[in-house]
Amino acid sequence: MGNLLGSWRFKEPSTIEECDSTWGSDSESEEPPPAEDDSGISDSVSPADSDRAGGDASPQMLGSPQSLPKMKRSFYAARDLYKYRHSYPNYRKSHQPNEYRNLRFYLNKIPLVPDGIYIEEILTKWRGDYDKLEHNHTYIQWLFPLREQGLNFYAHELTQDEIKEFQSTREAKRRFLVAYSLMLDFYGVKLLDKSGNVARAPNWQERFRHLNESQHNYLRITRILKSLGELGYESFKAPLVRLFLEESLCHSTLPNMQHSILEYFVYTIRLPATRRRLLRYARQHYRPAHAFLWGPLPKGREASPVATWAPEAAASERRLPHRSNRGGGRREHHLWRERD
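Residues numbered from 1 in each chain as written. Predicted model: local features only at pLDDT ≥ 70, side-chain atom pairs only at ≥ 80, totals over all residues. Heavy atoms only, no water.

## Some points on the nonpolar core
1) Next: Grouped together as the largest cluster of nonpolar side chains are 71 residues, with contacts concentrated most on Met183, Phe244 and Phe265.
2) Next: Of all the elements, helix α9 (residues 170-187) adds the most residues to this core, at nine residues.
3) Next: Grouped together as the second largest cluster of nonpolar side chains are six residues, Ile16, Cys19, Phe75 and Tyr76 included. (Core = buried A, V, L, I, M, F, W, Y, C linked by side-chain atoms within 4.5 Å. Buried < 20%, exposed > 50% of the residue type's maximum accessible area, 1.4 Å probe, protein only. Helix = DSSP H or I, 4+ residues; strand = E, 2+ residues; numbered from the N terminus.)

Structural data, given as structure tokens:
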């Protein structure tokens with residue numbers, strides 16, 4: 001029996017529906033009462049109320065539904081985020097000594113590799129240096145570590161022991177929030193308080209224009225959101241995702257980000273109730289409404305194998321199995337994996 005238990009491995013989900021528990025215990029009409037709000041967001045409060053009057057119509061409203069490309073969900077994105085939300089159920093603890101390199105980097109004791117830069121230099125000298133933040137592709141794995149190997153093989157995966165130590169180290173936590181604020185400024189967003197609420201930064205127009213076109217940053221944002229959850233800031237995710245949803249769907253300032261928000265950013269959030277609130281908000285504003293893919297399955301519909309849910313996407317992604325851990329999906333995510 002001991003050998004049987006020792007060799008047991010978690011059976012991975014084989015369909016998008018198995019990966020997505022968002023609507024598993026929910027119904028179309030259910031609305032949790034305000035007292036149970038665990039996301040820190042409210043549909044009645046806009047992160048950009050002062051700019052709402054000048055918003056343009058969403059580009060999704062242009063053209064007929066027949067003229068729009070057919071969108072599909074990515075099984076590999078769904079599976080990657082399922083593993084993240086469930087703390088990597090098949091994770092095997094390394095037998096190598098835990099060097100706590102991510103924590104030591106955040107304590108300014110070792111530089112990031114391969115650039116040899118200490119975190120204090122990044123936090124004090126890189127803020128506002130948008131060219132450097134855009135074109136350097138080695139720092140992001142060090143600033144926002146995960147329990148999965150990225151493509152900068154000099155960066156080290158987090159371990160559960162290191163996460164516990166990090167969360168109990170005030171200096172590391174302080175620098176982590178400064179790093180988060182630095183990246184938000186790069187994206188045109190400002191951190192308002194210690195609860196994670198965010199709003200447009202004074203430089204939002206220029207930075208949103210850049211972010212709308214520089215789509216490899218969507219992969220970076222997915223990493224940032226995952227790292228927030230690993231290091232004790234799960235509640236910071238929903239305000240940022242809500243802001244991006246409003247900007248992309250209501251104000252058309254980030255139209256190219258829409259799919260990445262719904263396919264990736266939302267699904268980094270571990271609480272199903274919080275994901276439901278964000279997806280209900282998105283469905284309310286998404287155009288064309290019939291093309292919204294992230295709602296509950298219609299009653300009576302059985303779970304679909306990935307080949308019938310998204311045959312073309314599945315066939316193309318099977319050719320890239322070594323990339324599946326990075327949460328790809330849309331083309332722009334794949335294009336930039338070798339860098340970020």
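## Observations concerning the pattern of salt bridges
1) Next: The tally for this structure, following the rule as stated, stands at 16 salt bridges.
2) Next: A salt bridge links Arg73 to Glu263, with the shortest nitrogen-to-oxygen separation between them at 3.6 Å. Of this pair, Arg73 sits in the loop between α2 (16-19) and α3 (75-85) while Glu263 is found in helix α13 (residues 258-265), placing the two residues 190 residues apart along the sequence. Both residues of the pair, Arg73 and Glu263, count as buried.
3) Next: The network of salt bridges with shared partners includes Arg147, Glu230, Glu234, Lys237 and Arg270. (Salt bridge = Lys/Arg side-chain N within 4 Å of Asp/Glu carboxyl O.)

## Re the environment of Leu240
1) Next: Turning to its location among the elements, Leu240 is positioned in helix α12 (residues 237-249).
2) Next: Each C-alpha atom of the pair Leu240 and Asn197 lies 7.4 Å from the other, and the pair is 43 residues apart in sequence.
3) Next: Residues within four places of Leu240 in sequence aside, it is in contact with Tyr180, Leu184, Val189, Val198 and Leu225. (Contact = heavy atoms within 4.5 Å.)

## A short note on the packing of aromatic side chains
1) Next: For the structure shown, the criterion picks out 19 aromatic pairs.
2) Next: Measuring from ring centre to ring centre gives 6.2 Å for Phe244 and Phe265, while their planes differ by 50°; the resulting arrangement is tilted. On the criterion of sequence distance, the pair formed by Phe244 in helix α12 and Phe265 in helix α13 is long-range, its members being 21 residues apart. Here Phe244 matches Phe265 in class, with each residue buried.
3) Next: Of the aromatic side chains, those joined through ring pairs into one cluster are Phe105, Tyr106, Trp142, Phe144, Phe166, Phe176, Tyr180, Tyr233 and Phe236.
4) Next: Between Arg200 and the ring centre of Trp204, over which it is positioned, the NZ or CZ distance is 3.7 Å. (Phe/Tyr/Trp six-rings, centres within 6.5 Å; stacked < 30°, edge-to-face > 60°. Lys NZ or Arg CZ within 6 Å of the ring centre and 35° of its normal.)

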